Each structure stands twice: as structure tokens, then as C-alpha cells.
Amino acid sequence: VAKGQHLAEFEIYVMAALVRLGEEAYGMTVRQEIEARSGRAVAIGAVYATLERLSGKGYVRFHVSDPRPVQGGRARKHACLTPAGRRAFDEAASMMMRMLPGTARGSR
Amino acid sequence: VTPPRLAARLVRWAAGRERARFVLNDLDEEFGQVVRARGRAAAHAWYWRQALSSLLPLAAIRLGGMPRLSARHVRDSLRVFRQSPGMSLSIVTTLALGIGANTAVFSVVDAVLLRPLPYPDAPQLFALWERRPDMPRMSVSLPNFEDYARATAGTAELAAFSRATAVVGQGVSAEELPVERISWNLWQVLGVSPAMGRALTAEDGRRGAEAVAVVSDRFWRERMGGVPGAIGTTVMVDRVARRVIAVLPSAARGLSDYSASAPAGLFLPVPDLGAVMSRGDREVRAVGRLRPDATLLQVQQRLNQVSATLAREFPETNTDVLTATAPLSRDLSRIVRPTLLMVWGAVALIGLIACVNVANLFLVWATGQRRDAAIRLALGASRADLVLGHLVRGVMFGCVGGVAGLLCSVWVRDALVALAPATVIPQIGGVTLNGRVLLMTAGLSMLTGLAASIVPAWQFGRHRLAGGLHESSMAVVGTRAVMRWRGALLTVEVTAAVVLALGAGLLVRSVILLDRTDLGFATDRIVTMGVRLPPLRYGDAEQRIQLFEALAARVRSAPDVHSVAFANQFPMRGGWGGDVLVESPSGPVSGEADLQAVSPDYFSTLGLRLVRGRALTRDDRTGSPGMVVVSQAFVGQFLGGREPLGAVIRRDTGSPPLTIAGVVADVRRDGKFAPVTPQVYLSAYQPELYAATIASIAVRTAGDPMRVLPHVRAALADLDPAALVSGVRTLDEILNASSASLRFHTSLLALLAALALVLTLVGVYGVVHYVVAQRTREIGLRLALGATRGHVLGVAVRAGMGPVAAGVLIGCAAAAGASRVLTALLFETTRYDPVMFILVAGGVGTVAAIAAYVPARRAAAANPVSALRGD
């Protein structure tokens, strides 16, 4: 990973949510996923801002869905990881795995 | 159920239309889920929380990423001080003016309205008044007070006090000083125990108890040498020896000091005279302290029961008499509050104008730096970074301006304190610079700086500036938005200036009308005073008159004395009115008039013009027929065009007849704010016809009337060593005091309005100057192509005058609403005075037109060739 390309904590959360949600990933589901798992309140604006930043780094791709075929159905902006994004996420995740063991309180 | 529209609009504003579409779609979808799961109210709250917490990240992404505040921003903003010192100086000066004025006034507001009263647990204290449908606030009668105190004993403790003056000391050193007569428990209720000596007890309040006094710290230091031995010594108060039993702590303040110009030095416990006084004489004010778990409402309920009982038992004095209670701090500041808030509002407008002017200057600056900004963007800076740069600069200037303003404010505050008459703002002496004031100044400075830089920051964050690179000064592209903003800012500024100018105009008009108002009697070089005679020796009216006549004769022989008069009371010092009956062919007509017993010299001393007949003479004395002099208003009101001379009036159906001997010009007996009332002047030598006690003299002199005072004192001491002079005041002094508040607020508002106009002038000049500078080449081209200079002039002036006209209109409308706060100060002027509106609108318009014309003329005079050469 090039210098300055470290992923921020929230970026990792968003990418994790994208991995987990797969086809279903768009702003609302990503938001709900992170909120449910982290227990922290998450602003939709922060999700969009992070997704856009990740897309600027080439890690995330968007595609806009057609309006859903129900009354009042609207278009969604789906997001998924690019191969580069997937690699960066895996690397960050495995780095985290290597760093964490033995740090939990009470264990050594 | 639809999501809150305003929240959605905020999101759209922060994110930009395109990005907002998906954000809002998601929010709406989840909103539906939340409504189903948790109901409508919770969903609304949820939506708002989401929207608000999304604003910052969305705005940041829109501007190209969340900027980091770095030392570079601060360095860059500091550099402008060096790069454009002139502009920086004008920004700092403008900010200093705005912030300084606000800080100064806030420190007064803080001292008078915000600081807690200097009594422990002050929120538990409340004021108690009596009221009647026609009088919302009256003093309390002592017998009623004692009933109230007994009835509320379970929920509160009540104490009474009243302000008075007393002659303190003896012989030559005797002096009249303000004192407070108090119930024995007043200081206990206020929670203040003496610094020295013993507290008053119920024993001190019994009839026949030893006469004692509590003194203030200041009285103790200044008049008793500040020695501990002073406790137990006696002071003479109104010829009674009182033993000093306690000295109060230096921070203690008498309650009556809050509405007086000088603090009371002596506190005299008054025996409980409730049993022997009339319930109709309302002579005391009351204060109470709630018991720990009681509420004001409970107290008020008990009081209402008492009022009902009293109204039944004493219908003559207590019908319709109720009580009113209010928290003490609110009650004490109720007189200054409205005008102080008015002044605060006025300086807030100055602050607004200053902020707008600085925003304008920032905008000019930012426009000048468009190419610079474009280069930075091209080199990879984010627009958010540029916006942050603007904001940092704004806050920096705010801080520098704030420091300068703070220095300014100390000076302004001292000037305010020195100029404000003590009667206008009694607590003004306590004004200090404390933490709260500093905090307010710091907050205001940052906010002003931030507010002033928001418009340019937003403006330049919004537009793509890439165009700036290949933009020459010929192009006017992109300046249209800037112009719109400058126009809007100018409108705000003009609106504020018009509001201030109208307020000042109404007050100035009031002062002019007040000055033009004729009192009907002279006030210059006249000193008036009361003479207190020992009552036992002067029980007989004849004896009093002899003493006054002897006194007048001696004073008359003093140097520079023109004339000396005596009467029961002189104008503007109180007096009595009463019913009179006037005989007429169709039976007696009755009505109310002011009555006074006067010496023959009264008319010449006060310069009362005799219109018909004769004045009173020394021969109008006991034994001769009753003669009176009346005023023209009396003739108009009671005689209806009949011949006044020789007409007969009576005080009552059975009382002796009084024949009108002369008619004098009208007077406003109670000062300029009071109406002309009918007057009846009776002879002081006929006490059997009108039994008012002769108690005052007036001396008219050639020079300073106060110089005659030693002569009066000496003459009086010679005639009766036990007699005392009291309430020495010149009529001019009384007259000026009555208009002090109006004059003070008028000069203050006029000053602020002038400041506002100057700042606005600068604003208008700036806008037109900017337009002209931006369009020099265009103007040159137009001139070269045959446009007339008049046409060019018109275009430039119009650019400035549009926003001005809008500001004048909005300002007039706003002033019509805001002038409500002035009503209490205005004199014979309605707050909708159309003349004033036209004058101010025309005045501000003209001033603005001149400010626009100066730079516009320069443009029109431009040489087309040199204008086109440019770049």
C-alpha cells in the first residue's frame, strides 16, 4: 500500500459492509449494517462521503438502479468494491488480525 | 406521511442537487421503515438527526474533501495584514467599533439586569405591591401590610421599607441625607447580618422602644470616622437622638437605592404603627422572602384571601384593592429594563452594520484573489481548503477586532457611566469588566468574523474558479453573483441605519418639542427649599407666617437677591389639588384645580404674567374679604366666557366666598411632561380660607442662586436655631432632572445613528466603487461607442441605489414595529410620525445617492482610450 493510502477506521467499516451486503449494498443498507453491528449512530451523509472518498481511491464502483417497480419506487445508487478495493480491504483486515491478538483486556 | 421538508432542503443545499438525490431517496425509504416501527414523531426526530449530522460530511465532499486546519491557513491570514495594511486597518477599525459598542453596553446590561442581587438566596425574594383596577402598582398601607404579614407567616416573611430624607446632625453641620425607614426585620429578610454590632430585634419595633439606627458601611466610614467605637454612640436624626447599634457590611445595599441616585446611609426601624394609621395611606413598600419549600403562588393565594376579607371589613379604603407579587430582581429593574434593552438593540444594529461592512470588504478582497485561487485549485488544493482559508481569516480578524474593541469598550463604558445621569440607570456605578462580559466579547468577535467571511467563502466555494485563470479584467462573468450579494448586504445595512436614524429622529423631535414647551413660569436663577419648623412651637399658622415673613425680609437684603417668595409648595415640587365650586347663573359648577397658598411676591419671583386684574397683595389678609388669583385655564374651564374678575368661587358649598381679583398666564405646574391644569392662588395671609401649611421659600437672584444659601441658613438660624433647611434645589435642576432620561437616550441614539450612517455611507461607496472598477473597460468601450456620460453615470449610480431603496423601504417598515420600545420616552410625538419617516427616508436616500455619485462620476469622466488600454 502506497504511503497515504492507509484506510481510516470508518472506511474499513464501510468496506466490510459492502463485502457483507454484496448486491444489496447501497447507502441505506450500508448505514443500517454499520449501525447494527457497531452500535454507534451513523449519519447517512458520512456513509456517502466515505463511499465517494473510496471511489476516488479507486476502491469502490457505483451503479444506479432503475426505479423499483413499486409505487413511489425510486432509483438507488448501489456500491461494490473494485478488485483493487477488495485487495486493500483484505490487506487492512489481515493487518488488523495480525495486530490484535493479545491486546484484549485480561488476555496476554 | 412525508418526511420534514426543511430538513430535506438543508441536505440538498449541503450536498448539491445531484448527490442529494440518492441520499434523500435512501433517507425517505428508511423514514418509511422508522414510521412503521416507531411511529411518526420518532421518525421525524430520526430524520432531523440524520439530516443535521449529514450536513458537514456532505458539504465537505461537495467541496472536495474534508479540509484540515493547518498552520498555513493562519500564516496566510496573517500575511494579509502585511500585504494590504490599509484594508486590514479599516476592517479592524470597523470591527472594533461594532464590538466595542456592544461590549460596553453589554457590561451595563450585565451589571443592571443579569448580575444577581447582593443578597443570599436572592431568587427567594419577592416584591409586594397593592393594586387597584386603575393603578397597577401602588405602595402598601401599613395596617394592610401587617395583615398580609400575619396571614402569610407560614409561607413567607414580609418586611417593609420606605425612602425618606432626614436632617442628620445638629447646628451648622446638620445636613439633609437620604435614609430608609424599615420594619425591624428588613435586613433579616434580605439575609444580611451586620458587620459590627447587633441585629435589630422585634423589641426594636415596639412602640416606645429606644430610638436606634443601623448605618451603612459608607456612612460609618465617612461620618463616624470608621472606628469600632462608633457602635453605641448617638446620631441626631430629625432632632431625635438615635443610638447606633450596627454597621452593615460594605456590600449591603438598601432596596430603595435601586431607584435613587444616592444611597441611603441610615436605616431607621419604625415602630409598628399599623393600629393607628389609615388603611388609605399607602406609604411603605414591601419585600418578602419565601420559606424554603413555599412558592410565590401559595403566597399570592393567601394574600388574595386577605384582600377579600379586608375589602369586606373596610369597604371605604379597601374596595377593589388587591396585591401583586413579583420576583425581586425583576421588580427592581423594571424601570430601566425597557430603555436599556432599547439601547442594546441599537448597538446590536451597529454590530450588524459593522459585520456587513466587513463582509463587503472581504468580498472585495476575495474577488481580487480569484486568479490566485484558481492557480491554487489547479495545483491541487481543494475548494474546501480555500473556504477554510476564508473562514480562518475571518476569525483571525474577528479576534484582532475583538481585542481592539475591548480596549474601545473600556473607554466607551467610562464615557457612558460619566454621561448617564444617576437617576436614569441607578446601578451604573457597579459596571465592571467581568468573566461574563469577556466571554460575551470573545464569542461575539469570533462570530462576527465568521459571519463576515461566510458570504465570500460560500461564494467562492460554490463557483468553479477555473475560469479565473484565463479571465482578464475585461470579463464581467461571475461577478454578477458577487454583485447580488453585495447588494443584499447593502440592503441589510441600509435597513439597520434607517431603523436607528428613525429612532434617533423621533427622540430628537421629542427633545425639540420639549424645549419649545413653555412652562409658564421662570426657572432660571431660582432656588427653592423647604423650611422645617419644630411643630410644637409653630402650631399656629400666624406664627409660621410671621417667621416666613421675617425670613423673606432678611434674605431679600442679601446681595444679588431679586425677590423672595414663600408658599406651601412651589411648582415641580409637589402640591395639592382639590375640588372648587364656581357660582354661575345656572347654579354652581364644580371641578378640580391645583390649590396653593402664596405670598404676594410669588408672582414676580416666578415670573408669572398677570393677564387681567391685580395680583395678591399684603392687604389680602385675615379679616379682609377672600381674594384669589386664577389661571387662564381656570377661566376657560369653569367660567365659560363669563367675566372672571369679580366672579365668586368656593372650596365647598358651605365655605366662605372667594372673589377672583386677577388672572395670570397658564403654567404646567408639574413640569413639561405634565399638562396645563387650572390653578387657584390663595393668599398665604388668609390661612382661615385655605389651611395649607406654609413650608417653602423661593429666592430669585442675579447670579448663581446657590450662592444665596449661606445667607438663608444664617438668617434662619438667627430667627430660630431649631429650624432646618431641607430639599434645596434650583428649579433648573429639577427641570433638567425630569428630562435627563430623554436627553441621555437621545444623544446616545443620535450618536449611534450617526455612526450607522457613516458606516452605511462607506458601504454604498464601496459597492459603487467596485462596480465601476470592475467595469472600467466596459465603460470605456461604451463611451468609445458613443454612450453619453450621463448614461454611464446613471448605470453606475443605479447599481448602488437599488439595494439602498429596498433598504429604506424595509427599514421604514421595521422601524414602525421597533419604535414601540421608544413610546415611554417620546414627548408629544407619535411613533408613526409621518414627517419623520419622510425626512429619514429622504435623508438616508440622499446621503446614499451622494456616496454613489462620487465614484460613479469618476467612471463617467474616464478617458475611453486609457480605459481600454488596460492590462
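See the structure shown above.
Residues numbered from 1 in each chain as written. Chains lettered and ligands numbered in written order. Predicted model: local features only at pLDDT ≥ 70, side-chain atom pairs only at ≥ 80, totals over all residues. Heavy atoms only, no water.

Quick notes on the overall build of chain B
Under the convention used in this document: Where helices and strands are cited, they refer to DSSP runs of H or I of at least four residues and of E of at least two residues respectively, numbered from the N terminus. Values of the radius of gyration come from C-alpha atoms, whereas the globule rule sets the reference at 2.2 Å times the count of residues to the power 0.38. For every residue, the accessible area (1.4 Å probe, protein chains only) is compared with the maximum for its type, and the residue is labelled buried under 20%, exposed over 50%, or partly exposed between those bounds. Contacts: residue pairs with any heavy atoms within 4.5 Å of one another. What sets the accessible areas is the Shrake-Rupley method with a 1.4 Å probe; for residues, cover comes only from the shown protein chains. Think of it this way: Lys and Arg go in the positive column, Asp and Glu in the negative one, and His and the chain ends go nowhere. For this purpose, a charge sits on NZ of Lys, CZ of Arg, CG of Asp or CD of Glu.
For chain B, the helix and strand inventory stands at 25 helices and 23 strands. In terms of C-alpha radius of gyration, chain B reaches 36 Å, well past the compact-globule figure of 29 Å for 871 residues. If you line up chain B on its principal axes, its C-alpha atoms span 110 × 70 × 60 Å. For chain B, the residues scored as buried account for 50% of the 871 residues in total. Relative to all contacts within chain B whose residues are 6 or more apart in sequence, the contacts with residues 24 or more apart total 82%. Within the structure as shown, chain B displays about 39000 Å² of accessible surface, and the carbon and sulfur contribution to it stands at 60%. In chain B, which carries 90 positive and 64 negative side-chain charges, the distance between the mean positions of the two groups comes to 15 Å.

Observations concerning the interface of chain B and chain A
To keep it simple, the criterion reads: Summed over both partners, the accessible area lost on bringing two parts together, with a 1.4 Å probe, is the buried area. By definition, a salt bridge exists where a carboxyl oxygen of Asp or Glu is found within 4 Å of a side-chain nitrogen of Lys or Arg. Think of a polar contact as two N or O atoms within 3.5 Å of one another; within protein, one of them needs to be a possible hydrogen donor and the other a possible acceptor, and neighboring residues in sequence only count if both atoms come from side chains.
The interface is formed by 18 residues belonging to chain B together with 21 residues belonging to chain A. Taken over both partners, the interface formed by chain B and chain A buries close to 1700 Å², and the fraction arising from carbon and sulfur atoms is 52%. Of all residues in chain B, B:Phe22, B:Asp26 and B:Glu29 give up the largest surface area on contact with chain A, accounting jointly for 33% of the area buried on that side. For the pair chain B and chain A, the number of links is three salt bridges. Inspection of the region where chain B meets chain A yields 14 residue pairs in polar contact (both at pLDDT 80 or more). Secondary structure elements with two or more residues in the side of chain B that touches chain A: α2 (17-38) and α3 (40-62) of chain B. Ranked by residues supplied to the side of chain B that touches chain A, first place goes to α2(B) with eleven residues.

Details of unusual backbone geometry
Residue and element names in this part refer to chain B. Phi at Arg 239 is positive, roughly 70°, even though this residue is not glycine. Considering the arrangement of structural elements, one finds Arg 239 in the loop between β8 (234-237) and β9 (240-247). Phi angles above zero are rare outside glycine, and Asp 320 is one such case at about 70°. Summarising the element assignment, Asp 320 is placed in the loop between α10 (315-318) and β12 (322-327).

With respect to the environment of B:Thr155
Residue and element names in this part refer to chain B. If you trace the backbone, Thr 155 turns up in the loop between α6 (142-151) and β4 (156-168). Looking at Thr 155, the relative accessible area reads 15%, which means it is buried. Taking the C-alpha atoms as reference, Thr 155 lies 52 Å from Ala 756; in sequence the two are 601 residues apart. Aside from chain neighbours lying at most four places away, what touches Thr 155 is Arg 289, Leu 290, Arg 291, Ala 294, Gln 298 and Val 299.

Quick notes on the nonpolar core
Residues and elements named next belong to chain B. As a reminder, the rule being used: Nonpolar core, defined: a set of buried Ala, Val, Leu, Ile, Met, Phe, Trp, Tyr and Cys residues in which side-chain atoms within 4.5 Å join the residues together.
If you look at the biggest cluster of nonpolar residues, it comprises 69 residues, and the most contacted ones within it are Val 498, Leu 502 and Leu 749. Sorting the residues of this core by element identifies α5 (85-114), α12 (336-368), α16 (479-516), α21 (731-774), α22 (776-784), α23 (789-818) and α24 (834-860) as the ones contributing at least two each. Top contributing element to this core by residue count: α16, with 15 residues. Those residues in contact with Leu 749 that lie beyond four places of it in its chain are Met 342, Ala 346, Leu 500, Gly 503, Ala 504, Leu 507 and Leu 822. By size, the runner-up hydrophobic cluster in this structure holds 49 residues, among which are Val 531, Leu 533, Val 561 and Val 630.

Everything listed here is a matter of coordinates, which is why it stays silent on function.
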